[in-house]
Structure formats: structure tokens, C-alpha cells
Amino acid sequence: MTNIDFIDTTPAANGGGRNWRIKINADGTFGGTDYFGIQDLGSDTLPFRIAADAPSVALWISDAGDLGMGTSIPEADLHITRPSSPSIRLEQSGAGGATPHSWEMRGSDQGLYVYSVFDNGGWRIPFQVSGDASFNALVVGDDGLVGLGLQSPQAGLHLRRTDGQAGILVEEGDATTSPRTLLNLVNNGRPEIVLANTDTGEEWSFGGGTKFILKQGARGSASSAKAKLLEIDRTGDAILAGSLTTGGTTCGSGCDAVFAPDYPLPSIADHAARMQALGYLPNVGPTPEGAPLNVTDKLGRMLNELEHAHLYIAQLSRENAEQKALNARLEARLARIEARLTD
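Residues numbered from 1 in each chain as written. Predicted model: local features only at pLDDT ≥ 70, side-chain atom pairs only at ≥ 80, totals over all residues. Heavy atoms only, no water.

### Concerning the overall build of the protein
Alright, step 1. Each helix and strand counted, the protein has 2 helices and 19 strands in total.
Alright, step 2. The C-alpha atoms of the protein give a radius of gyration of 46 Å, which is well past the 20 Å a tight globule of 343 residues would have.
Alright, step 3. For the protein, the spread of C-alpha atoms along the principal axes amounts to about 170 × 45 × 45 Å.
Alright, step 4. When burial is assessed residue by residue, the protein has 16% of its 343 residues classed as buried.
Alright, step 5. The long-range share in the protein, meaning contacts at least 24 apart out of those at least 6 apart in sequence, stands at 12%.
Alright, step 6. Entry remark: accessible area of the protein is about 25,300 Å², with carbon and sulfur atoms responsible for 54%. (Helix = DSSP H or I, 4+ residues; strand = E, 2+ residues; numbered from the N terminus. Rg over C-alpha atoms; globule rule 2.2 N^0.38 Å. Buried < 20%, exposed > 50% of the residue type's maximum accessible area, 1.4 Å probe, protein only. Contact = heavy atoms within 4.5 Å. Areas by Shrake-Rupley, 256 points an atom, 1.4 Å probe, with all protein chains shown as cover.)

Following this line, the structure appears as C-alpha cells:
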């Protein structure tokens, strides 16, 4: 053990009096291993120490003031070189009463990783960047806007791609089947989602508040400038700006089949008897109060019954015409008889 002491005889009142020691090798006071150290004799601490067998260029300060660890040619203010996965650890020891915890940042050819290291030895990687990540993969502007794929984001979160990969996937992997809110938009007013087409220069927007509203207009136009196409209020009542076309009726053999020559059209009496027995129009089916209603199917069946009714009306009209003709003939005959009797 070899020591060199630096004794300051300047009076403490004049700013002196602190003594230092260059300490070579162990004496059992600071861990018992060989080292080169600088000891503060005033506080009996060893703030600087180089352990025996430390590798070459373990610590290097270049003529530019750059600090190298493991390299004699540091290329940054702090340059750390290791054969594999150089790292920096930030450790909260817990000496002041806080919970012990450490963070560690590691870099390799695979990427940059931030480890959350727990006191029990467990760890997680909450943040990582692939070594092949593209330019501007993640950018936070000086206004706090976040860009994914661009340097100057124009919104709180702005995602841009030029390779056909722009998209957002929200996926919940919980094995328990349950309804979950996977996208929640909150605004002081109606929150809206805009679907813009750069090819046509048009966009659609929809949103909800006191009402759900669907609009259409020019790309970039204000919500108030778009045409309102659909409006649904909180009771479920809907207003549609245009006509409604469905995918087609579901009458089985076809709604207009009643006009076919071979259609087994029941008689008026049979149809009426069946209607009375069922309590509803046979081809329309039951319509319970408050039950869901298939408008497309119901409309087709109503059309089918309406065509039945018109065929019956035509039949009754023919029968009525025949009856009128018969009555006219009978009235004429009766008139001739009465005329003869009066003669």
C-alpha cells in the first residue's frame, strides 16, 4: 500500500484546510481490493477509484474534451464501446426511503432498448427501436405534436407513410369475450371522424353528440359546409336526405309471382278465412308490437299481399260488371212485362 498525502496548511478561515490522498492498493478500508484512488481525508470518502485489472482505455478523455469508455477515439461527448450491447444504467438505490428500481438503456445491431429492472431481478422492455427503423419513425415537435413517419406533424398524432402501410390497428388480446371501448373520442361538441379521398377531392365525415350525423363535402371543407345526408336522434328516429334502396326483397318465390298463370291464387273466401284465423295477413306475417322489423322483407310481403288484393279487386270488378249487366237485362225484361200487363 502506497499513499501520497496532500496536506493544505492554509487556515480554514481563508478557504483552505481540506486534505487529499492518492491511495494505491487496498488497506481493507474501502473494499479490500487493489486500486488507484483519490481519497477525501476531510470526509474520509473515496470519490474516485480505478480497480486493478481495469481494461485498457476504460476511461479516456480526448483533446476535444470528449469522454470515451472502452475507446480512445470518442466520437461524441460520451462514447461507450463494448463488444456487445453497450448499456447505461440509472439506479435508484432506495437509500433515501424510495423503492429501489433501475432503468437501463442498451444498444445493439438489433435496436435500442429501454429496460425497466426490478429489485427482485425481473425486467420489462417498455420501449424499443429497431436498428432498421426509418427516418422520422417517431418525432416530437417543439409544439408537442407527435409525428410517425414525418418531421413536421400537423396534429396531436400524425401518421404518414408512402409505402401503402399507413394504418392503425387497435387489438385487444384478452381471451375473455366482452364488449370493450377500443376507440374513444371526446370533445366539447360533436366529435367527428373524417374520411378523405385525395383522388376525388371529396370527403365524408360522421360524428355523434345529441345526434349521429353523416355528411359529405369537398376535402378540407368545414363541417358546417358539408351536406347533411343522414341524421339519427337519440330516440332512433332517422332522417335520410335521399332515397333508400335495399338489397332486394325476400318473398321466397318472388313478390310478383301472383301474376303468373300457374300461381295457385286462393279464393277471396279462403284467403279471408285464413286471414281471420291467423290474425294477420298470411303473406305479411305477424308484426308484434315493439319487436324488431325487417323493413326489406316486410315491404316485399306487403307488396305480395297488395297484389293479391288487386287481383281480388279486379275479380270483384268483373263480377260486379257482370251483375250490373244481368240486372240491366232483368230490368228491361221486367219493363216489357209490365208494359204488356198495362195493355
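### Points about the sheet that holds strand β13 (residues 146-148)
Note: strands within a sheet are paired through backbone hydrogen bonds, in either parallel or antiparallel orientation.
Alright, step 1. Taken in spatial order, the 3 strands make up an open sheet running β12-β13-β14, and their pairing is mixed. Because the sheet does not close on itself, it has two edges, and the strands there are β12 (139-140) and β14 (157-159). (Pairing = 2+ DSSP bridges.)

### Topic: the environment of T246
Alright, step 1. The topology assignment puts T246 in the loop between β19 (238-240) and α1 (268-278).
Alright, step 2. Classification of T246 as partly exposed rests on a relative accessible area of 43%.
Alright, step 3. Residues T246 and D297, 51 residues apart in the sequence, show an inter-C-alpha distance of 10.0 Å.
Alright, step 4. In this structure the side chain of T246 is engaged in a polar contact, spanning 3.4 Å, whose partner is the side chain of T296. (Polar contact = N/O pair within 3.5 Å; in protein donor to acceptor, adjacent residues only side chain to side chain.)

### Details of the environment of D44
Alright, step 1. Within the element layout of this structure, D44 appears in the loop between β3 (35-40) and β4 (45-51).
Alright, step 2. On a C-alpha basis, the gap between D44 and T29 in space is 9.9 Å, while along the polypeptide they are 15 residues apart.
Alright, step 3. A distance of 2.8 Å separates a polar atom in the side chain of D44 from a polar atom in the side chain of Q39.

### Notes on the environment of M1
Alright, step 1. Following the sequence through the fold, M1 ends up in the segment before β1 (2-6).
Alright, step 2. According to the relative accessible area criterion, M1 is exposed, its value standing at 58%.
Alright, step 3. Through-space distance from the C-alpha of M1 to that of N25 is 5.2 Å; in sequence the pair is 24 residues apart.
Alright, step 4. The contact partners of M1, leaving out residues within four places of it in the chain, are K23, I24, N25, A26 and D27.

### Notes on the pairing of strand β18 (residues 227-233)
Alright, step 1. Pairing geometry for strand β17 (residues 211-218) and β18, over 6 bridges, is antiparallel. In the strand pairing of β18, I213 is matched with E231.
Alright, step 2. Taken together, the 3 bridges between β18 and β19 define a ladder with antiparallel strand orientation. Residue I232 lies in a different strand from β19, and its bridge partner there is A238.
Alright, step 3. Linking two consecutive strands that pair antiparallel, namely β18 and β19, is a turn of 4 residues; a positive phi of about 100° is found at G236 within it.

### Some points on the sheet that holds β17
Alright, step 1. A sheet is described by the order of its strands in space; here 5 strands give the open sequence β15-β16-β17-β18-β19, paired in antiparallel fashion. Taken across any chain shown, the strands that pair with only one partner, and hence form the sheet edges, are β15 (192-197) and β19. Across this sheet, the average inter-strand angle for adjacent strands is 15°, counted without regard to direction.
Alright, step 2. In this sheet, β17 lies alongside strand β16 (residues 202-208) in antiparallel orientation, the contact comprising 7 bridges. By the bridge assignment, E203 is partnered in β17 with G217. (Axes fitted to C-alpha atoms, helices over the stretch in contact; angles between N-to-C directions.)

### Quick word on the pattern of salt bridges
Alright, step 1. For the structure shown, the criterion picks out 10 salt bridges.
Alright, step 2. Two residues, R21 and D5, come together in a salt bridge whose shortest N-O distance is 2.5 Å. One end of the pair, R21, is in strand β2 (residues 20-24); the other, D5, is in strand β1, with 16 residues separating them in the sequence.
Alright, step 3. Between D297 and R301 there is a salt bridge, with its nearest N and O atoms 3.0 Å apart. Here the residue D297 and the residue R301 both occupy positions in helix α2 (residues 295-342), the gap between them amounting to 4 residues, near one helical turn.
Alright, step 4. We classify R301 as partly exposed; its relative accessible area is 29%. (Salt bridge = Lys/Arg side-chain N within 4 Å of Asp/Glu carboxyl O.)

### Some words on the pairing of β4
Alright, step 1. Pairing analysis gives 5 bridges linking β3 to β4, with the strands arranged antiparallel. Bridge assignment links Y35 to a residue of β4, and that residue is A51.

### Details of α2
Alright, step 1. Its 48 residues give α2 an end-to-end C-alpha distance of 68 Å, which sits within 8% of 70 Å, the value for a rise of 1.5 Å per residue.
Alright, step 2. Where α2 is concerned, the buried positions are T296, D297, K298, G300, N304, E305, E307, H308 and Y312.
Alright, step 3. For α2, the elements touching its buried residues are α1.
Alright, step 4. The opening residue of α2 is N294, an N-cap whose side-chain oxygen sits 3.2 Å from the backbone nitrogen of T296. (Expected span 1.5 Å × (residues − 1).)

### Observations regarding the packing of aromatic side chains
Alright, step 1. Scanning the entire structure with this criterion turns up 2 aromatic pairs.
Alright, step 2. Centre to centre, the rings of F206 and F212 are 6.2 Å apart; their planes meet at 40°, and the pair counts as tilted.
Alright, step 3. Over the face of the ring belonging to Y35 we find R49, whose NZ or CZ atom lies 4.9 Å from the ring centre.
Alright, step 4. Its guanidinium or amino end placed over the ring of Y115, R106 lies 4.0 Å from that ring's centre, counting from NZ or CZ. (Phe/Tyr/Trp six-rings, centres within 6.5 Å; stacked < 30°, edge-to-face > 60°. Lys NZ or Arg CZ within 6 Å of the ring centre and 35° of its normal.)

Function-wise, these values are silent; they only describe arrangement.
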